[in-house]
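# A look at the structure
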Amino acid sequence: MQRLFVGILLTLLPLLTLAQTRWQQHVNYVMDVSLDVETHRVAGTQRLTYTNHSPDTLHRVFYHLYFNAFQPYSMMDERNHHLPDPDGRVGKRIRGLDSTEIGFQRIHSLTQNGAALSYEVAGTILEVELVEAIKPGEEVLFEMTFTSQVPKQIRRSGRDNKEGIDYSMTQWYPKMCAYDLEGWHADPYIGREFYGEWGDFDVTITIDSAYVIGGTGYLQNPQEIGHGYEREGQEVTRPSDGKLRWHFLAPNVHDFAWAADPDYVHEQVPVPDGPMLHFIYQADSVRDNWKKLQGYTVRLFELVNKHYGKYPYDQFTVIQGGDGGMEYPMSTLVTGRRSMGSLLGTTVHEVMHAWYYGVLGFNEANYPWMDEGFASYVEDLMIDSLLEKGAKNPHQGAYARYFRIIEKGWEEPSNTHGDHYTRNYAYSVGTYSKGTVFLRQLGYIIGDKALQTSLRRFFQEWAFRHPEPRDFKRVAEKVSGLELDWYFDYFINTTKVIDYGIKEVKAKRKAITITLENTGTMPMPVDLELTFKDGSKEILHIPLRIMRGAKPQEHEINGFTVLPDWNWVNPIYTLTIFRPGKKLKTVTLDASERLADVNPDNNHVDVAK
Ligand SMILES: [Zn+2]
């Protein structure tokens with residue numbers, strides 16, 4: 001009986017777990033492509049096994065054809081003609097591309113389980129009518145032949161970047177659009193964000209043997225390739241036709257990127273306890289900095305593994321390429337000719353995406369603030385740690401940028417879809433800067449310890465599951481025991497601002513009475529630091545009633561008193577405390593400088609000299 005019961009439980013267990021797991025589609029790509037370095041064209045085949053885990057019957061599917069963006073009058077081209085502050089890398093350059101310089105992806109054939117499909121190309125999206133609808137739980141095979149022309153590099157991918165890297169091969173293959181709880185995400189490519197389904201990629205790239213390749217995925221035939229991939233002491237045996245077939249496997253990733261250049265050097269540096277780091281760059285002009293970068297990157301992986309969750313792959317590759325810094329699964333492309341500070345800063349940022357884009361897989365288009373905010377927040381902390389700066393606020397730059405855009409009146413809510421900001425400037429502040437401020441300030445609300453625990457737990461619980469803002473909110477709520485809906489609503493969904501001030505302090509012999517006022521448009525809990533003449537300090541903490549609780553004491557040396565909570569509808573709050581025998585010196589609102597208070601002038605009062 002007992003055994004039977006256990007048996008039933010064991011059978012039910014996966015179902016119970018499944019019920020709590022958000023469904024997601026699954027893709028397996030097998031691609032065999034060859035890149036002709038004379039014509040800059042990629043010709044290949046793609047076998048895509050697609051599993052519909054949704055409860056919906058699908059009648060159509062969509063693919064991204066990103067290279068089509070690099071054609072005159074494409075949406076990316078138009079967008080950059082009309083934005084008030086177009087990306088300097090794009091500007092009006094697409095309009096000037098000739099037929100040999102544009103990018104394109106041409107589909108020659110497409111079948112579903114062997115039956116030919118009809119499809120239409122709409123800019124960067126391939127719209128496909130299915131022969132037979134895909135029912136819930138069904139798996140189908142799409143087979144495609146295609147030819148692409150690698151565009152002259154304008155943005156991210158392309159040939160001959162400004163540092164002379166021949167091929168930055170990102171967004172380079174027809175890629176199935178994501179389908180989730182919110183339906184299809186067939187966003188046209190205008191230069192921004194990405195979102196893809198998880199799956200296994202099996203990619204074979206044939207190219208002239210002089211070229212060195214680095215990218216997503218583990219190389220399966222290092223003894224045929226050489227170029228620094230071969231096992232030490234073993235001979236490389238290459239085919240004699242002057243071409244190399246690079247075979248990569250990338251398990252459980254949501255994109256596949258690579259870069260190729262004949263002048264690359266390739267070096268490997270292990271992180272103790274993994275992963276193996278690969279550095280691929282043109283040694284001529286950048287060797288010293290790239291050598292120094294290796295030590296820093298090893299240390300970075302150690303720190304992040306320890307504090308934010310273990311990087312789950314055995315390999316990560318830093319590649320000189322692209323047009324700035326851009327994250328891809330198991331790899332990043334960064335431009336290489338930079339000062340040491342800039343090379344380190346960019347690499348640390350992109351490596352952080354290995355956690356927040358690579359493994360969590362946010363929908364970067366809908367929630368760019370999560371992707372860029374989380375990466376930028378941890379980047380600041382890691383730079384501070386790697387360079388042993390010990391800054392009081394390593395995120396000062398992010399706060400300053402956030403305050404500046406408010407002054408200009410150009411802020412847009414951080415939950416704006418990445419493509420739809422009115423200004424690039426507002427996108428950049430709303431995602432990188434305000435996303436960073438969002439996290440540091442969350443530490444102010446729930447306590448820094450709870451924030452760090454939340455970040456770790458979020459990574460553990462949501463790895464490979466495309467979490468959304470509410471999923472992070474729930475983790476932070478469970479860790480802290482506090483209600484946080486209001487914080488996400490105000491700070492992410494609106495441009496309301498915080499401004500608390502000290503209106504009056506009356507320090508009599510027996511009683512200290514302080515009146516605070518909220519002159520902003522967003523409520524927050526308040527930390528008030530009192531400093532006494534004897535040098536002692538204490539924090540008075542006033543929670544918001546809607547938090548249904550208060551953070552614990554954060555600093556053990558100083559006193560910490562939780563006062564009655566502030567009912568946010570009232571702009572005024574008055575408190576009276578008794579500290580007999582103590583003489584009050586100063587009162588400071590938010591002494592830890594974590595509150596994004598737009599007007600700090602009313603945050604400090606000198607009571608006695
Ligand atoms: Zn980023």
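Predicted, not measured: the structure shown is a model, and the values here were computed from it.

### Thoughts on the sheet that holds strand S19 (residues 264–270)
An order of S19-S20-S21-S23-S22 is seen for the five strands of this open sheet, with the pairing classed as mixed. What marks the edges here is a single partner per strand, and that holds for S19 and strand S22 (325–328). The average undirected angle you get between the axes of adjacent strands in this sheet is 15 degrees. Pairing of strand S20 (residues 276–282) with strand S21 (residues 315–320), which is carried by five bridges, proceeds in the parallel orientation. Bridge pairing links Ile280 to Ile319 in S21. Packing of helix H4 (residues 283–308) onto the sheet brings it into contact with S19, S20, S21 and strand S23 (331–334), and relative to S20 it is tilted by some 165 degrees.

### Observations concerning the pattern of salt bridges
In this structure the tally under the stated criterion is 28 salt bridges. Across the salt bridge formed by Glu593 and Lys392, the nearest N and O atoms sit 3.4 Å from each other. One end of the pair, Glu593, is in the loop between strand S30 (584–589) and strand S31 (604–606); the other, Lys392, is in the loop between helix H6 (368–386) and helix H7 (396–408), with 201 residues separating them in the sequence. Take Glu593: its relative accessible area is 37%, and that puts it in the partly exposed class. Assessed through its relative accessible area of 55%, Lys392 is described here as exposed. Each of the salt bridges in this network shares a partner with another, and the network as a whole consists of Asp87, Arg89, Arg155 and Asp323.

### A look at the coordination of the zinc ion
Taken together, the protein ligands of the zinc ion are His349 (NE2), His353 (NE2) and Glu372 (OE), with distances of 1.9 to 2.0 Å. Read in sequence order, the donor residues coordinating the zinc ion give the pattern H-x3-H-x18-E. Taken as a pair, His349 in helix H5 (residues 340–359) and Glu372 in helix H6 lie far apart in primary sequence, 23 residues in all. For the pair shown, His349 and Glu372 are each scored as buried.

### Considering the domain arrangement of the protein chain
Under the domain assignment used here, the protein chain contains domain 1 (21–196), domain 2 (382–493) and domain 3 (500–606). Between the C-alpha centres of domain 2 and domain 3 there is a distance of 24 Å. With 23 residues of domain 2 at the contact, the number on the domain 3 side is 26 residues. Both sides together, the interface formed by domain 2 and domain 3 hides about 2,000 Å², and carbon and sulfur atoms give 64% of it. Three residues stand out in domain 2 for area buried against domain 3, namely Tyr444, Trp486 and Tyr490, and they jointly supply 39% of the buried area on that side. Each residue belonging to the side of domain 2 that touches domain 3 can be placed in one class, and the counts come to 13 nonpolar, six polar and four charged.

### Topic: the side chain of Thr332
Summarising the element assignment, Thr332 is placed in strand S23. Within polar-contact distance, the side chain of Thr332 engages the backbone oxygen of Met326 at 2.8 Å. Sequence-distant contacts of Thr332, that is, excluding residues within four places in its chain, are made with Phe316, Thr317, Val318, Ile319, Met326, Glu327 and Glu350.

### A short note on helix H9 (residues 448–462)
The end-to-end C-alpha distance of H9 is 21 Å, a good match for the 21 Å that 15 residues give at a rise of 1.5 Å each. Of the positions making up H9, those classed as buried are Ala450, Leu451, Gln452, Ser454, Leu455, Phe458, Phe459 and Trp462. At its buried positions, H9 is contacted by H4, H5, H6, helix H8 (424–446) and helix H10 (469–480). Following H9 by one or two positions, Phe464 adopts a phi angle in the positive range, close to 65 degrees.

### A look at H7
A turn of α-helix holds 3.6 residues, and therefore any two residues three or four places apart point the same way. Taking 1.5 Å of rise per residue, 13 residues should cover 18 Å, and H7 covers 19 Å from first to last C-alpha, within 8% of that figure. Along H7, the positions that sit buried rather than exposed are Ala398, Tyr399, Tyr402 and Ile405. End-on view of H7: buried residues confined to an arc of 135 degrees, all on one side of the axis. Facing away from the buried side of H7, by more than 90 degrees, are the exposed residues Gln396 and Glu407. Turning to H7, the residues buried within the fold contact H8 and helix H11 (485–493). In the stretch just after H7, Gly409 is the one whose phi turns positive, near 80 degrees.

### Some thoughts on unusual backbone geometry
Of note, the bond from Gly274 into Pro275 is cis; its omega dihedral lies within 30 degrees of zero at 0 degrees. Of note in the backbone geometry, Arg156 takes a positive phi value of approximately 60 degrees without being a glycine. Looking at where Arg156 falls in the secondary structure, it is placed in the loop between strand S8 (139–149) and strand S9 (158–159). Exposure remark for Arg156: the relative accessible area of 7% places this residue in the buried category.

### Focus on the pairing of strand S7 (residues 125–134)
Bridging between strand S3 (residues 58–64) and S7 involves six bridges; their strand directions are antiparallel. What sits directly across from His64, in S7, is Ile125. One ladder, built from five bridges, connects strand S6 (residues 118–122) with S7; its direction is antiparallel. Note on S7: the bridge partner recorded for Glu120 is Glu127.

Cut-offs used in this document
- Residues numbered from 1 in each chain as written.
- Predicted model: local features only at pLDDT ≥ 70, side-chain atom pairs only at ≥ 80, totals over all residues.
- Heavy atoms only, no water.
- Pairing = 2+ DSSP bridges.
- Helix = DSSP H or I, 4+ residues; strand = E, 2+ residues; numbered from the N terminus.
- Axes fitted to C-alpha atoms, helices over the stretch in contact; angles between N-to-C directions.
- Contact = heavy atoms within 4.5 Å.
- Salt bridge = Lys/Arg side-chain N within 4 Å of Asp/Glu carboxyl O.
- Buried < 20%, exposed > 50% of the residue type's maximum accessible area, 1.4 Å probe, protein only.
- Donors = N, O, S within 2.8 Å, 3.2 Å for Na, K, Ca; no water.
- Domains from an automatic or database assignment.
- Buried area = accessible area lost by both parts, 1.4 Å probe.
- Nonpolar A, V, L, I, M, F, W, Y, C, P; charged D, E, K, R; others polar.
- Polar contact = N/O pair within 3.5 Å; in protein donor to acceptor, adjacent residues only side chain to side chain.
- Expected span 1.5 Å × (residues − 1).
- Arc of directions from axis to C-beta.

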